[in-house]
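# Geometric and topological summary
Spelled out from the first residue to the last, the chains are:
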Amino acid sequence: MKNYFSSDFTLGVLGGGQLGKMLLTETQKFDIQTFILDPNKEAPCAKICNEFFQGDLLDFDTVYNFGKKVDLLTIEIENVNIDALDKLAAEGLRIFPKPSNLRTIQNKALQKTFYSDHQIPTAPFTRYEGLDNLKKAIDNKEVTFPFVWKSARFGYDGNGVKIVKALEDLAQLPNGECIAEKLIPFKNELAVIVARNISGETKTYPVVEMEFHPEANQVEYVICPARIENNIADKARKVALQVADAFEFVGLLAVEMFQTENNEILVNEVAPRTHNSGHYSIEASYTSQFEQHVRSILDLPLGNTDSKLAGIMVNLVGAEGYTGNVVYQNIENILKIDGVTPHIYGKKETKPFRKMGHVTIVNKDINEARKIAQEVKETIKVIAK
């Protein structure tokens, strides 16, 4: 096995945001040398990696030249130049997740087609080149209201997704490749993180339940374990494994799912990286998702995914009406509460609904943890000076 620890081996990461920052905690623990590429010179990773490079993640030459500097390349954001990754891979660079996986996952239309091609349960959908084609399909009664519109590219945190209830709703939407998906009534939004290393060893984290902010359509709380029956949890973990195996995935794959009114499990979408739904694992699990990502891409034995305690994560997002230099109001008050750990991402400027940090709550009792999470949410405010 190659010596990754305290050696000249270099791990390259495309993206230097908060996910990269939390990943660096683990590379520093193992003394693995890390290079970061990010467009923002003030990125959370900029001052704590071994070497930082500023550049556009979607620019072929920038990504290609960065890849030539490292021994293994990974990502913390999937919107990167795949053509550059293909060339690097053809020249022998190890890249995980594989560029072919990223190409499919980057595009929601390709991603959904992949599920239907591999008999993975997902909501019925149709692909369209643009809004004109979608409007024709509505006129021809091929699509009926209400339905879910999703942009094929560059959607995140609720952006690029809209429930369309009438024809006039399309007026606010950007033109471009999209899908129209059947609106499925569901009981719960669930997620399972799957870790899979190069040798094919696979582990799943416990099923988590996600509660969303009604206006921002961002995850507000992640609850682990999900408050669902064991047979539903087993089904969700099996479906998540089916997805990871179909991709022959290497790395960490977050599989977001719906539990329908009839207790079916339908895959909504996946993220090919560490994910918001796994942040609870830093305090609550034997092996955090970030350590597990390092283990998987280096083909090290995977760690224990069990939880030591129940864990809830609360996202800290910029309060409405505030833009400017960030202030974490009342942070000292939440630090007085047992089992509460804030994580501040290092973004100097706040704006409404921007992800600025998260807080983890651990407790023996999931219901008590949920009560404390509510208290935390109502206490700390992300405002500006």
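Residues numbered from 1 in each chain as written. Predicted model: local features only at pLDDT ≥ 70, side-chain atom pairs only at ≥ 80, totals over all residues. Heavy atoms only, no water.

### Things to note about the environment of V208
We apply this condition: Note on conventions: DSSP H or I runs of at least 4 residues are helices, E runs of at least 2 residues are strands, and numbering of each starts at the N terminus. Here's how the labels work: a residue is buried when its accessible area is under 20% of the maximum for its type, exposed when over 50%, partly exposed in between, all with a 1.4 Å probe on protein chains only. Contacts are assigned to residue pairs that have any heavy atoms within 4.5 Å of one another.
Relative to the helices and strands, V208 resides in strand 12 (residues 208–212). We classify V208 as buried; its relative accessible area is 2%. Distance from V208 to N188, taken between C-alpha atoms, is 10.0 Å for residues 20 residues apart in sequence. Residue contacts for V208: discarding those within four places in its chain leaves E189, L190, A191, V222, I223, C224, A226, S277 and Y280.

### Here's the deal with helix 4 (residues 99–106)
Most of helix 4 sits out of view: 6 of its 8 residues are buried. Within the sequence span of helix 4, burial applies to P99, N101, L102, T104, I105 and Q106.

### Re the pairing of strand 2 (residues 33–38)
So the rule is basically this: Two strands form a pair only when DSSP identifies at least two bridges running between them.
Judged by how many residues are buried, strand 2 sits mostly within the fold: 5 of 6 residues are covered. Relative to strand 2, strand 1 (residues 10–14) runs parallel, the two sharing 5 bridges. Across the sheet, residue V13 finds its bridge partner in strand 2, namely I36. Bridge count between strand 2 and strand 3 (residues 51–54): 4 bridges; the pairing is parallel. Among the inter-strand pairings, L37 is bridged to a residue of strand 3, identified as F53.

### Describing unusual backbone geometry
The linkage connecting F145 with the following residue, P146, adopts the cis geometry, with an omega of -10°. Positionally, P146 belongs in the loop between helix 6 (131–139) and strand 7 (147–151). Between C224 and the following residue, P225, the backbone shows a cis peptide bond with an omega angle of 5°. Structurally, P225 is set in the loop between strand 13 (219–224) and helix 7 (230–247). One non-glycine residue, D31, lies in positive phi territory at about 55°.

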